[in-house]
Amino acid sequence: MTLEVRGIAKRFGALEVLKGIDLRVEQGDVVAILGPSGSGKTTLLRCINFLEQADAGALIFDGESFELSHMSRKDILRLRKKTAFVFQNYNLFLNKTALENVTEGLITARRMPKAEAVEKAERALERVGMLDRKDHYPSQLSGGQQQRVAIARALATDPEIIYFDEPTSALDPELIGEVLAVMRRLAEEGMTMLVVTHEMNFARNVSTKVIFMEDGVVLEAGPAKEFFANPREERTRAFLRTIHGEER
């Protein structure tokens, strides 16, 4: 699996949010996308997964090239079957149990027989430590548990890559660790992930590559160890100093 994007541009009215972003993700990569609020991180992720339509740019997935401004619905659906998206705010159905939240897409979108969907959903819930809560509704679960159900929903589709949009930002501090622990295990298992995050310890210790964005451009990118040990750009160094200060 290789994902590459070239020259992604996106504007909302007069506001130019992405100004020609290039990105390459290899199989097994865990890529952390860092940057201050408003830098375009989430918009980039949403354009790559077609939740927003980019104004320009190309996407190459498994050697097949697509123009992002002219994607057919058929191609979008085909590519989405290879990917999964984990949102900030879980996006669970409140009237469905944890198990039903995971099986819903398998049954309705993928036409999977219910028995097979239940089996896959239970395996996914077990991977994130939520099988014992499979009959609980979202209102009966903590934020961390809800996000783990959302990750299980993503895993159940057997994606080649999972996109995470600030998966811990809506959580209370004491619940962040349980979600990051699941993501760390997935990384150890070789899952390819593209993660917008403010969690510096995750980016430093789990990710293989880091991209630092500001004002709609990539200011710096490289291997995670190199990025944190020896950032090249002064703006990157200033950002890391600020973040380290907040962590203390």
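Rules and cut-offs
- Residues numbered from 1 in each chain as written.
- Predicted model: local features only at pLDDT ≥ 70, side-chain atom pairs only at ≥ 80, totals over all residues.
- Heavy atoms only, no water.
- Axes fitted to C-alpha atoms, helices over the stretch in contact; angles between N-to-C directions.
- Helix = DSSP H or I, 4+ residues; strand = E, 2+ residues; numbered from the N terminus.
- Parallel < 35°, antiparallel > 145°, perpendicular 65-115°, else oblique.
- Left-handed = near helix turned anticlockwise from the far one by under 90°.
- Contact = heavy atoms within 4.5 Å.
- 1 Å grid on protein atoms, 1.4 Å probe; cavity = no way out; pocket = protein on both sides within 12 Å on 5 of 7 lines; lining within 4 Å.
- Points joined across faces, edges and corners; volume = space filled by probe spheres on them.
- Nonpolar A, V, L, I, M, F, W, Y, C, P; charged D, E, K, R; others polar.

Participant: For this particular structure, what's the right way to read the packing of helix H5 (residues 143-155) against helix H6 (residues 173-188)?
Facilitator: When two helices pack together, their arrangement is given by the angle between their axes and by how far apart the axes lie. Put simply, H5 and H6 touch, their axes get as near as 8 Å, and they point 20° apart. With respect to H6, the axis of H5 lies roughly parallel. In this structure, H5 crosses over H6, and the sense of that crossing is right-handed. Between H5, through Gly143, Gly144, Gln145, Gln147, Arg148, Ile151 and Leu155, and H6, the contact on the second element is made entirely by Leu175, Glu178, Val179, Val182, Met183 and Leu186.

Participant: Explain the layout of surface pockets here, please?
Facilitator: To find the voids left in a structure, one rolls a probe of water-molecule size over its atoms. Of the pockets and cavities examined, the largest pocket occupies roughly 720 Å³. Around the largest pocket, the lining comprises 23 residues; the ones closest to its centre are Gly105, Ala109, Arg110, Arg153 and Thr157. Elements that contribute at least two residues to the lining of the largest pocket include exactly helix H2 (73-80), strand S6 (83-86), helix H3 (98-108) and H5. Broken down by element, the lining of the largest pocket gets its largest block of residues, six residues, from H3. Each residue belonging to the lining of the largest pocket can be placed in one class, and the counts come to 10 nonpolar, seven polar and six charged.

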